[in-house]
Structure formats: structure tokens, C-alpha cells
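# Close look at the chain arrangement
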Amino acid sequence: MTAIASLIPATLIPGDGIGPEITDAVVRILDAAGAPFAWDVQEGGMAAIGKVGDPLPAPLLESIRRTRLALKGPLTTPVGGGFRSVNVRLREEFKLYANVRPARTLIPGGRYDDIDLVLIRENLEGLYVGFEHYIPIDGDPQAAAISSGVNTRAGSRRIAEFAFDYAVKNGRKKVTIVHKANVLKALTGIFLDAAKDVAKRYEGKVAADERIVDACAMQLVLNPWQFDMIVTTNLFGDILSDEIAGLVGGLGMAPGANIGESAAIFEAVHGSAPDIAGKGIANPLALLLAGCMMLDHVGRNDIAGRIRKAVDLTLCEDLVRTGDLGGKATTGELADAIIRRLR
Ligand code: NAD
């Protein structure tokens, strides 16, 4: 009775392609570790389009509204056909203003060892607000393209506070504020000013410095160890978060979280991998690490830490790895090996 009462309701979206296979493996591992989630499984993506004509059907959205917490497998956005990106729709629907992208070396011996970085990206403002139009000139209807970016002081302050709070809660030492205020003086100057104001309030607890985005991109390649956390605006965050994933071997094992005031959605950064769907060979680790972020989010860092440790041992001591990591294990065999390490 007590055990059931203490379960945390959470929406589970297996998604498309390899989604159901990796979700099944991840749920088995989370259960074996004692994760306290009561799953409400919801259909989204292509299957939902076939049934109700919408990749994000109403029951899925209602479930997230109720649980405010979701673990999401990859969803295919059909090309053409007038469907907006499901990820953008979810971001807007639940005002998911913070995108959190950690990158940690899981398998030593790659290009860079001992990487442990977290990038926090503003998710709703900047150049991604989509205020775009063309201007016709001399009979060419699309002679000039105009795009306006919008950064607000409130939105900049909110993402900076999120980053510094995250640093305190997760024992991080330094936040680097990344901008282009030397050229985009208004658009990214407002972000820099607001973030520096927030940084002052954390003096003595979390160190802060700043970098211009192009210099930051180069420094990430030359000496990534100088960074601990990065906070930046939407477009720069989009680019730098993939660069950071590249430091630890690409998107295949990258988890991400989209966090807002009314919900938090955790996901693997990779897509539905239609080329290997149904073969049972997909790597479930990105979604599993997203599950660990979800455990951190609900205050169960203890369980998340045990799972991360079991993953490290499985990959580096037992040498059980899926094909994308140079091994031969199936999705299920990798899950079984991690579960053995949890016991
Ligand atoms: P993808 O990430 O699905 O695949 C790129 C390559 O990486 C493929 O060769 C694939 O086999 C491999 N790969 C990806 N995940 C893997 C895993 N877990 N284990 C082993 N190999 C893996 O990217 P794509 O092919 O450009 O996109 C396919 C579909 O996914 C598209 O419809 C796209 O819209 C969608 N997508 C969804 C999300 C999301 O829901 N978060 C993100 C990206 C793409």
C-alpha cells in the first residue's frame, strides 16, 4: 500500500521506429533499479497519425498535463503533409523553456577522455521564434529574407537562474555564459546582462565567466576540460549542444531534458532510426540516461547514480556493447547485463 502510494505518475511515450524496443529495455532497467514511476503509456508519432491523424493526440497531451513528467521515445515527424515538428509543439504547449544536455565520456579511448559537461539552452526565445518573412524586389517574390529574434530580460533571467540553480543542486563549480554581444548587441546583450546579474547572486557558490560563441566553439575542441556548465541562447545552444555530444562520441548516447514550469520531458537526442527498427540491435543507453536525468529531477539521485555506475561497469569492465559501440550485444542483452550489475 505504502509502496503504491509513493509511486510517481509519469507519462511514457514509446514512440516510433526503435522507440518501443529501447523503451522496453529502459523500463526493465528502471524497474530493476527500483525507480518509483507509475507509467501511463501513451501512443504518439506515426501510429497515432494512422489512428487519429495527429502525432500528438489529445490523450497524450492530457496525460502530460496530469503527470507533468514524461519519458519520450523518438517520434517521427513526417516530411511534408503539413505536420509541425512534434518537439516544437511540445516545447510550446508546456512552455519547456530549458533544454538540458549533459555530455559525459562513457567509453574511454575516444578522441577526448574524461569529458563531463552540461549545456543549458534557452528553448523558447531567440531566433527560433519563427518571425520570418520575404520581401519582393524587382519581380522576385523572395528577393530578401527577414528573420527577427526575440530575447526578453525575463526569459534570459529565467534560464540563467535555472542554470545556476542546477549548478548548486548538482555540485557543479562553474557556469560559462555564452553570447555574441559584441555584434548582436541588443539581441544577445540583454541575455548577457541578465545572466551576469544572476551570476552575481551566486558569487561564492558557483563561479561564472563569459565567452563569445565562436571562441567558445573553438575552445570546446582545443580544451573542453576548461568548461563545466554552459548557459546560452536558443540558436547557439542548439549548435553547441551537438558539438558537445560530438566530444563524447556523437548523438547515439546523448540524453536530453526539456524542462518548464508545468512539465518536464526527458528523451534520447537521437531519432527513430528506421534503418535498424525491429532488429533488436538499437542502443538503449541515450534513453536510459534520459531516465536517469528524470530520476535526478524527482530527487532520486541515489537510484540514478546506481544506474550510471552499472552502465559504466557494463560498458568498460564487462565489455557488453551494442553494434554502434563496436560490440555484438542486442538491445535486450545490454539491458540484461546492466540489470546484473544492479543486483
Ligand atoms: P536518427 O537519429 O534516427 O538516425 C541516425 C543514424 O544513427 C542511423 O544510422 C541510426 O541507425 C543511428 N542510430 C540512432 N539511434 C540509434 C541507437 N539508439 N542505436 C543505434 N543506432 C542508432 O536520425 P534520422 O535518421 O535523421 O531521423 C529518423 C527519424 O527520427 C526522422 O523522422 C526524424 O524526424 C526523427 N527524429 C526524432 C527525434 C526525436 O523525437 N527526439 C530526434 C531526431 C530525429
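Structural notes, computed from the coordinates. (Residues numbered from 1 in each chain as written. Predicted model: local features only at pLDDT ≥ 70, side-chain atom pairs only at ≥ 80, totals over all residues. Heavy atoms only, no water.)

### Examining the packing of aromatic side chains
Two descriptors summarise a pair of aromatic rings, namely the distance from one centre to the other and the angle between the planes of the rings. Rule in force here: The pairing test for Phe, Tyr and Trp rings, Trp by its six-membered ring, is centres within 6.5 Å, and the orientation test on the planes gives stacked under 30 degrees, edge-to-face over 60, and tilted for anything in between. Going along the chain from the N terminus, every DSSP run of H or I of four or more residues is numbered as a helix, and every run of E of two or more is numbered as a strand. Any Lys NZ or Arg CZ found within 6 Å of a ring centre and within 35 degrees of that ring's normal is scored as a charge over the ring.
Tallied over the entire structure, the rule returns five aromatic pairs. Plain terms: the ring middles of tyrosine 97 and phenylalanine 162 are 6.1 Å apart, the flat faces sit at 85 degrees to each other, and that makes the pair edge-to-face. You can see tyrosine 97 sitting in the loop between helix 5 (86-93) and strand 4 (98-104) and its partner phenylalanine 162 sitting in helix 6 (residues 153-169), a full 65 residues away along the chain. Following the ring pairs from residue to residue traces out a cluster consisting of Tyr97, Phe162 and Tyr166. The ring of tyrosine 97 is capped by arginine 158, whose NZ or CZ atom sits 4.2 Å from the centre of that ring.

### Description of the packing of helix 6 against helix 7 (residues 189-201)
Formally: Angular values range over 0 to 180 degrees, each being the angle between N-to-C directions of two axes fitted as lines to C-alpha atoms, with helices fitted over their stretch in contact. In these notes the angle categories are as follows: under 35 degrees is roughly parallel, over 145 is roughly antiparallel, 65 to 115 is roughly perpendicular, and the rest is oblique. Note on convention: the crossing is left-handed when the near helix lies turned anticlockwise from the far helix by less than a right angle, right-handed when the turn is clockwise. The contact criterion used is simple: two residues touch if any of their non-hydrogen atoms lie within 4.5 Å.
Running from amino to carboxyl end, helix 6 crosses helix 7 at an angle of 40 degrees, the nearest separation of the two axes being 8 Å. The angle between the axes of helix 6 and helix 7 places the two elements in the oblique class. As for how helix 6 packs across helix 7, the hand of that crossing is right-handed. Here Arg153, Ser156, Arg157, Ile159, Ala160, Glu161 and Phe164 of helix 6 lie close against helix 7, whose contacting residues are Ile190, Phe191, Ala194, Ala195, Val198, Ala199 and Arg201.

### A few points about the site of the ligand
Let me state the cut-off plainly: Distances are taken per atom, and a residue is near a molecule or strand as soon as one of its heavy atoms is within 4 Å of it. Two N or O atoms count as a polar contact when they lie within 3.5 Å, although within protein this holds only if one can serve as hydrogen donor and the other as acceptor, and sequence-adjacent residues are included solely when both atoms are side-chain atoms. Amino acids outside the nonpolar list (Ala, Val, Leu, Ile, Met, Phe, Trp, Tyr, Cys, Pro) and the charged list (Asp, Glu, Lys, Arg) are all regarded as polar, and Gly is one of them.
The environment of the ligand is made up of 20 residues, and the closest members are Leu75, Gly271, Ala273, Asp275 and Asn283. Here lysine 72 contributes a side-chain N or O atom positioned 3.3 Å from an oxygen atom of the ligand. At a separation of 2.9 Å, an oxygen atom of the ligand approaches a polar backbone atom of leucine 75. Grouping the amino acids of the shell around the ligand by side-chain chemistry returns nine nonpolar, seven polar and four charged.

### Here's the deal with the packing of helix 2 (residues 19-33) against helix 11 (residues 301-316)
Two elements in contact, helix 2 and helix 11, have axes whose closest approach is 10 Å; the angle formed by their N-to-C orientations is 120 degrees. Classed by the angle they form, the pair helix 2 and helix 11 counts as oblique. The handedness of the crossing between helix 2 and helix 11 is right-handed. Where helix 2 abuts helix 11, its residues Ile29, Leu30 and Ala33 lie against Ile303, Arg306 and Ile307.

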